[in-house]
Amino acid sequence: MTHILLRHREIPEINQLSVYQKNGGLAAFKNAVTTMKTTEVIDVVKNSGLRGRGGAGFPTGMKWSFADNKNWPHYVVANADESEPGTFKDREIMEGNPLQFLEGVMIGSYAVGANAAYIYLRGEFWEIAESLDAKIAELEEAGYLGDKLFGTEYSLRLYTHLGAGAYICGEESALLESLEGKRGQPRVRPPFPPSVGLYDKPTIINNVETFTNVPMIMTNGADWYKTMGTTDAPGVKIFSLSGRVRKPGNYELPLGTTFRDLIYTHGGGVQDSRKVRAIMPAGASSSLILVDDDKILDTPMDYLEVRKLKSELGSASVIIVDDSVSMDWLINKTVHFFKHESCGKCTPCREGTYWMARLTERIHDGRAVKADVDLLLNVAKQMQGKCLCALGEFSTMAVVSSLERFREDFDNAVKA
Amino acid sequence: MLSKKYPKEVKQILSKYPPEGKRSAMMPLLFLAQREEGYISKAAMQDIAGLLNVTETEVAGVVGFYTLYHEEKEGKYRIQVCADLPCALRGAEGFVKNLCDNLGVKVGETTEDGLLTIEAVMCLAACDKAPMFQTQGPEGIKYHENMTVEKTMELVEELRKSAA
Amino acid sequence: MSKPISLTIDGKQVTVPEGMNIVDAAKLAGVYIPVFCHHPKLDPVGMCRMCLVEIGRPMRDRATGQFVMENGAPKIQFMPKLETACTNKVEDGMVVVTQSEKTAEAQKATVEFLLTSHPLDCPICDKGGECPLQNLTMTHGPRESRFRLEEKMRFAKPAPLGELIWLDRERCIFCARCVRFQDEIAGDAVLEFDDRARPMNIISVSDPGFDSIFSGNTTDICPVGALTTSDFRFGARPWELDAAPSICAQCPVGCNTVLNTRREAKSDGEIVVKRVMPRQNEEVNEIWLCDKGRFAYHYAEGKGRLTKPMIRKEKKLARSSWDAATKLAAEKFSKDKKDFVVLASGRLSNEDLFNLKTLADHAGGKAYLYSRMAGGELTSLVGVSAGTDFGTMGAGTAIVVVASDLYQEAPIWYLRVKQAAERGATLIVVNPRETKLDRYASFKVRYGYGDEVKAIHDLAKTGKESDALLKSGNVVILYGSEGLGVAGSQSVATACAKLLNDNGFTGKPNNGLIGVWERANDQGAWEMGFTVEEDLAKALKGKAVYIVGADPVHDDPKLAKALESAAFVAVQDVMETATTEIADVVLPAQAFTEREGTLTSGERRAQRFYPAVPVTGESKPDFAITAQIARSMGVILEGTSASVVFDLLADTVKSFEGLDYAKLAEAREQLPVVGRSDLYYGGTTYENKHGLGAHLSGAATRGEKVSIPKAEKEVVPHPKDKELLAVPINKLYHRGTTVMTAELLHQRIGEASVSLHPAAAEKLGVRAGQTVNVSFNGASGQAVVKLDESIAEDIALVPRSMGIAIREPVAVKVKA
Ligand SMILES: Cc1cc2nc3c(=O)[nH]c(=O)nc-3n(C[C@H](O)[C@H](O)[C@H](O)COP(=O)(O)O)c2cc1C
Ligand code: SF4
Ligand code: FES
């Protein structure tokens, strides 16, 4: 199949401006700015059914229409924090097909009337930031960014901004704090960024992959986009496949592709020909899907079907866990991640992740008793529904699901 | 003084943000301050506080929050190996251990020559290319993917040579 | 008032103003929602998660926007998750459930989480007894500990954040109240969290540590014992303390306080003041105090106190009886009417000053206020009066600050002016150099020292400032004495008063002139008719002088010299001073902690203070001593009851008309409710049960016609070659008698200093930190050089009350 996001896989050097332009690049942006009303752009995106690819799956066009038109200026922010363990798609887009991503940001900016857009990259993406800066400079040179574009009244500038090592800065309100030069701790919501965002101004935040869809939708139309994927979740999605598979990597597939297809057709099957024991469809934040029945692998990967397996598709970072892995080890890993990344602002997450980590360590080290396992489940449940942002909630997912679905691993790990 | 040492960079950084968002320059300025010594000195924090009209304590709070800012002088290069779940499922833990044995240090320690500090870090968005690490040094941050201990030792040799 | 909103909380129907959060609304309905991070004075952050409740909202039809009805009432839709009551605002038709199985589980969970690493050191914790964590643990917490002791997060025991405030990291529950207070209210963001997740902790890297003059307030609002003052920590248990309402006597703001006292072995069984706490008065200090007010109360304690009357005999002071001492004074004062001079300070109460003024009038003498700032007769005429409250100022009001650094001179006014500006008031700062208040100013007006009057005149003429000013509905002007002596401050006051009076900004609430005086009751003295004297030395020479509450010998060599040649000197004071040393008669007065009385704040609010500790030795209240002297002079003054003196004062002085002690003791309910219930923890501030005080009336309010003359231009000396113009400025912490006794503050007070422009310093060949000699008019003093780029090159700033007696602009020579 031809890619619509990972186009660099077919078109060499699409990261070069001339090549990108030759392949139709930037025409959508120019067309929007010179011939379309902002509301018309939003309508196309709305009609395409595009949902956010950052995890929550919120309809993108609808979000854009929420930008408060009584309060100016507006800002656009691209969320390139990509820090969920198991997620590495945005990085490939920005390395391979950066201009399509930037064009998406530019179209989004025009649609909401923003004259400045920031690309917030995790601090580790230092090299990507440098190359994006070069691309932005080229776009300015070529007249796609700057003042009074194409002879209209519309002006736009793009800026990159590097984080410095904090998973929580992927959460949109923490991202804004960080972008404002503060500690990256989430804000109270509501108000949501489209009403009060960067510098207290209306701000539209979308994921890199979300933006990268936009130029193709503008070029080919909403109806074209809806021919892919499912009714509820049209279009394509990049699945970051990792863990115990032979060919880990990014796979751009229509939403609704089955797990089996992803793992066996694209991912080359499980390492050492072992059996899939569990799937984490949304990185470390996943509820583990118990694969005790081969049929589970035939579940289509879209937001609704995955939910039926008592999990979430999230950012579609699919981690494959085979039968060589013990769950007490696995959740000790995930819990340590969240303990390290909790921003510390709210009580249940700050204290709960710390407490859970002490328990999972003890269980994994074989120093625990059975009551500790019960306590772990209890602490995780006690955190649920109480945290200020989703990170705290995320930290309990693997714990609760694995304790409910793989209890024997824990019972084996504790002292008799 | 940052503004004396890197006048062009400071100006360029400040120009990215509107006047009411001046404080946004905090993080890029901190990276700039860290460039040469590999850590952020108290003097640099004072300097940035002055540039942005915030208190030194506010700067220190930001430095403390983010893991890529350092307050202590350690190895010139930090080798930050991803040992998070997806990489660990692909052998990262063994890699860290072997690497440490080869360098004669433990995780978190610095080699005797002061060149390298080995750290185990959280996911770096390269889960399909484990084992992998990034180096944080004077030139910024670089990724090294699909690594083996042998390849890493070659890199270490190169770094040693260029530092000498 | 904003739109009323009706909602149901735990089945109770309540109606509250729009914009209120659920915690506050519930409180009004008598429902207590437990909180930690929520504080009524701070922006909501929703971080502790203690206040989780169930919230239901009326469902609306997406298409029509109408309520969906069910059984004749709007259908209520509850969220699947609990929500924080502190961050959610009330909405019409909302249904809030604070007590259910779900909320109880959440509250228990939160308390348990907070306790996971909290140390079990309540028995030695200063907060014990007034600790909301302790209380909420009792009401909502789990009964057992499920977290292993050895796995708790441990930190070294308390460490100082600065020399005033200590931090016990183990006790911190991360509510960020202290951080937010410093940032939002104080505007000194010198506290932050370091690190993140569980290792997070509070830090301050300022120099000096925790560099804010409001730091003590954080110990009040800290809901646990994480922040304590070095003054009080390990000093007493809260439940052993008695509480006496009082008024801070350190500056003209008149903050309402409580003096916490107890009898203790450590103090030889004496009853002593253990700490000064804020007492809520929303129109004065809200619930805050500055650190000077909180820590500099020690001067009333034993050391150096005068305990008995003394008469000079053969060059030495010797003990005498009250009778002998007062008779001697009376005899000398009566000798020649023209030669009798009263020199009293604004440290005294209204009652004291009234008796002194009456005595001077009857005896035909003069009554001088010991101050170098003039213009009080104008604040009495066109000063602010009833209804004035910085807390109600916002858009539509202009606040002008002239020749004053409010942060240093009247910290709580600084807070309140800052907040008014943040609410939209037009703030115009008119000062020769940058001050902290500039940050919040809509307009900053700079002038050269000596050009004050012109700057004020220009304000009313043209330009953006005057447009903003004259179009405002209300105008308040605060003027001070930065760079000014008696004549200069008189001119400034006149110019300001004229601006206000000519443009109709008098005689109504939130309008008028405020003096930023040096002492707490200077305004009271002016109301009584005291005046200041330009050439005080001359006025004292050869006279029979009655000095009360002042130490001119220490402050100014010129005055010391003048007093040497006085005919007779009677000194009435609380403590031994340089002036008592040269006295012919010494009369021991009671400290304000030992007696009752009233003070008049700069906002012309008369407020009562009450006795807190027993009397020292044979000392008496000032007004009583004056009455005793007066009797021997044939003048009958009230000498036993302060309230009766006040009644006489109210009969005599027009602006006090209608006031009496009962009226000043009236208290109303104040919002927000703070300090009453531990569940709704506003801090350790005290509820005000002993009086909010009352405003004096102004001439304009009384309908009297006021006309203000044109201000004369001030004359400043012209420094010659190699000289600088030294101008006095005011600092919060100085070497005055009432501050120096607080050893805790010595590090902040520092040395006498002189600030120079770097170029001026270079010209003089002096460096920062170097000790130099400052000489003027035959006098001289040592000072440490500081550099300040914000001042002109021909200026030297010299803080008042730091040892160098520069009290008005003067030409000086600075030498290495
Ligand atoms: C803890 C946490 C981490 C997140 N990390 C990311 C991230 O790395 N990248 C991202 O795009 N969205 C992330 N999100 C989601 C964002 O908050 C936000 O929903 C998203 O950027 C919106 O863009 P979209 O609508 O295009 O998905 C994270 C959310 C949470 C709660
Ligand atoms: S859940 Fe709470 S502590 Fe955790 S990251 Fe979100 S706000 Fe911070
Ligand atoms: S979260 Fe509401 S009081 Fe702390």
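Residues numbered from 1 in each chain as written. Chains lettered and ligands numbered in written order. Predicted model: local features only at pLDDT ≥ 70, side-chain atom pairs only at ≥ 80, totals over all residues. Heavy atoms only, no water.

## Things to note about the overall build of chain B
Looking only at helices and strands, one finds eight helices and four strands in chain B. When the helices and strands of chain B are read in sequence order from the N terminus, they spell out α-α-α-α-α-β-α-α-β-β-β-α. For chain B, the spread of C-alpha atoms along the principal axes amounts to about 50 × 35 × 25 Å. Across the 164 residues in chain B, those meeting the buried criterion constitute 59%. In chain B, 59% of the contacts between residues at least 6 apart in sequence involve partners at least 24 apart. A total of about 7,000 Å² of accessible surface is found on chain B, and carbon and sulfur atoms cover 50% of it. (Helix = DSSP H or I, 4+ residues; strand = E, 2+ residues; numbered from the N terminus. Buried < 20%, exposed > 50% of the residue type's maximum accessible area, 1.4 Å probe, protein only. Contact = heavy atoms within 4.5 Å. Areas by Shrake-Rupley, 256 points an atom, 1.4 Å probe, with all protein chains shown as cover.)

## Structural notes on the site of ligand 2
Around ligand 2, a shell composed of 13 residues is seen, among which Cys343(A), Cys346(A), Cys349(A), Cys389(A) and Gly392(A) lie nearest. Looking at the shell around ligand 2 residue by residue, the classes come out as nine nonpolar, three polar and one charged. (Near = heavy atom within 4 Å. Nonpolar A, V, L, I, M, F, W, Y, C, P; charged D, E, K, R; others polar.)

## As for the domain arrangement of chain B
As assigned here, chain B comprises domain 1 (2-65) and domain 2 (77-163). Domain 1 of chain B and domain 2 of chain B are separated by 28 Å when their C-alpha centres are compared. (Domains from an automatic or database assignment.)

## Here's the deal with the site of ligand 1
Residue and element names in this part refer to chain A. Residues in close proximity to ligand 1 total 19 residues, the closest being Gly54, Asn79, Asn206, Asn207 and Thr210. Between ligand 1 and Gly54 there is a distance of 2.6 Å, counted from an oxygen atom to a backbone nitrogen or oxygen. Between ligand 1 and Asn206, the relevant distance is 2.8 Å, taken from an oxygen atom to a side-chain nitrogen or oxygen of the residue. The protein chains hide 90% of the 610 Å² of surface that ligand 1 would expose on its own. Those elements that provide at least two residues to the shell around ligand 1 are β4 (203-207) and α16 (390-405). The two domains that each donate at least three residues to the shell around ligand 1 are domain 1 (7-226) and domain 3 (327-415). (Polar contact = N/O pair within 3.5 Å; in protein donor to acceptor, adjacent residues only side chain to side chain.)

## Quick notes on a negative patch on the surface
On the surface, a cluster of negative charge is contributed by Asp647(C), Asp651(C), Glu657(C), Asp660(C) and Glu666(C). With respect to the helices and strands, Glu657(C) occurs in the loop between α21 (642-652) and α22 (661-664). (Patch = residues over 30% accessible without salt bridge, like charges linked within 9 Å, V, L, I, M, F, W, Y side chains within 5 Å. Salt bridge = Lys/Arg side-chain N within 4 Å of Asp/Glu carboxyl O. Lys, Arg positive; Asp, Glu negative; His and termini not counted. Charge placed at Lys NZ, Arg CZ, Asp CG, Glu CD.)

## Focus: the environment of Glu669(C)
Residues and elements named next belong to chain C. Within the fold, Glu669 resides in the loop between α22 and β31 (694-695). The class of Glu669 is exposed, set by a relative accessible area of 56%. For the pair Glu669 and Ser775, spaced 106 residues apart in sequence, the C-alpha separation works out to 55 Å.

## As for the pairing of strand β34 (residues 771-776) of chain C
Residue and element names in this part refer to chain C. What you see with β34 is a clean split: Val772, Val774 and Phe776 sit on the buried side and Thr771, Asn773 and Ser775 on the side with no burial. The pairing of β34 with strand β35 (residues 779-787) spans six bridges and is classified as antiparallel. Across the sheet, Val772 pairs through a bridge with Ala783, a residue of β35. By the bridge criterion, three bridges tie β34 to strand β37 (residues 810-815) in an arrangement that is antiparallel. What sits directly across from Asn773, in β37, is Lys815. (Pairing = 2+ DSSP bridges.)

## Digging into the interface of chain A and chain B
Taken together, the contact between chain A and chain B spans 58 residues of the former and 41 residues of the latter. Carbon and sulfur atoms supply 60% of the area buried between chain A and chain B, which totals about 3,900 Å² over both sides. Taken together, the connections running from chain A to chain B amount to two salt bridges. Here Lys333(A) makes a salt bridge to Glu93(B), at a shortest N to O gap of 2.9 Å. Inspection of the region where chain A meets chain B yields 23 residue pairs in polar contact (both at pLDDT 80 or more). Put simply, the parts of the chain that give the side of chain A that touches chain B at least two residues each are β2 (114-121), α7 (126-141), β3 (157-162), α8 (172-179), β5 (236-243), β9 (317-322) and α13 (327-341) of chain A. A total of eight residues in the side of chain A that touches chain B trace back to one element, the largest contributor, which is α13(A). Taken together, the residues that form the side of chain A that touches chain B break down as 26 nonpolar, 19 polar and 13 charged. (Buried area = accessible area lost by both parts, 1.4 Å probe.)

## A look at the sheet that holds strand β13 (residues 227-229) of chain C
All names here are of chain C. Ordered by their spatial adjacency, three strands build an open sheet running β9-β10-β13, and the pairing between neighbours is antiparallel. Two strands close off the open sheet at either side, each with one partner strand: β9 (159-160) and β13. Sheet topology note: the β9/strand β10 (residues 165-167) ladder contains two bridges and is antiparallel. Within the sheet, the bridge partner assigned to Pro160 lies in β10 and is Trp166.

## Some thoughts on the packing of helix α6 (residues 98-112) of chain A against α7(A)
Residues and elements named next belong to chain A. α7 packs onto α6 with a crossing angle of 65° between their chain directions and a minimal axis gap of 11 Å. Regarding α6 and α7, the two cross each other, and that crossing is right-handed. Packed against α6, whose contacting residues are Pro98, Leu99, Phe101, Leu102 and Met106, the element α7 presents Leu132, Lys135, Ile136 and Leu139 at the interface. Residue composition of the contact of α6 with α7, grouped by class: eight nonpolar, no polar and one charged. (Axes fitted to C-alpha atoms, helices over the stretch in contact; angles between N-to-C directions. Left-handed = near helix turned anticlockwise from the far one by under 90°.)

## Observations regarding the sheet that holds strand β4 (residues 140-144) of chain B
Each strand in a sheet pairs with its neighbour through backbone hydrogen bonds, running either in the same direction (parallel) or in the opposite one (antiparallel). Residues and elements named next belong to chain B. Read from one edge to the other, the open sheet built from four strands follows the order β2-β1-β3-β4, with strand pairing classed as mixed. The open sheet has two edge strands, β2 (116-121) and β4, and neither has a second partner. Neighbour-to-neighbour, the strand axes of the sheet open up by a mean angle of 20°, direction not taken into account. Bridge analysis of strand β1 (residues 77-82) against β2 gives six bridges, and the strand direction is parallel. Pairing of Gln80 across the sheet is with Glu119, part of β2. Those strands touched by helix α7 (residues 92-103) are β1, β2 and β3 (133-137), and its axis lies near 150° from that of β1. Sheet strands in contact with helix α8 (residues 149-163) are β1, β2, β3 and β4, and its direction is about 10° off that of β3.

## With respect to the nonpolar core
Counting 136 residues, the largest nonpolar core has Phe101(A), Met106(A), Leu121(A) and Leu29(B) as its most contacted members. At nine residues, α6(A) tops the list of elements feeding residues into this core. Sequence-distant contacts of Phe101(A), that is, excluding residues within four places in its chain, are made with Ala78(A), Ile93(A), Met94(A), Ile119(A), Leu132(A), Val208(A), Phe211(A) and Thr212(A). Counting residues in hydrophobic clusters, the runner-up holds 110 residues, among them Leu136(C), Val179(C), Val417(C) and Leu437(C). (Core = buried A, V, L, I, M, F, W, Y, C linked by side-chain atoms within 4.5 Å.)

## Structural notes on the interface of chain A and chain C
Contact with chain A, which involves 33 residues of that partner, is made by 35 residues of chain C. Of the roughly 2,900 Å² buried between chain A and chain C, counting both surfaces, carbon and sulfur atoms make up 54%. Broken down residue by residue, the surface that chain A buries against chain C is led by Arg183(A), Trp355(A) and Lys386(A), which jointly contribute 23%. Our count for the contact surface shared by chain A and chain C stands at seven salt bridges. Arg148(C) is the partner of Asp372(A) in a salt bridge, and the nearest nitrogen-oxygen pair spans 3.5 Å. At the surface where chain A touches chain C, the tally comes to 22 residue pairs in polar contact (both at pLDDT 80 or more). Mapped onto the side of chain A that touches chain C, the elements with two or more residues apiece are α13, α14 (347-364) and α15 (370-383) of chain A. If one sorts the elements of the side of chain A that touches chain C by residue count, α14(A) sits on top with nine residues.

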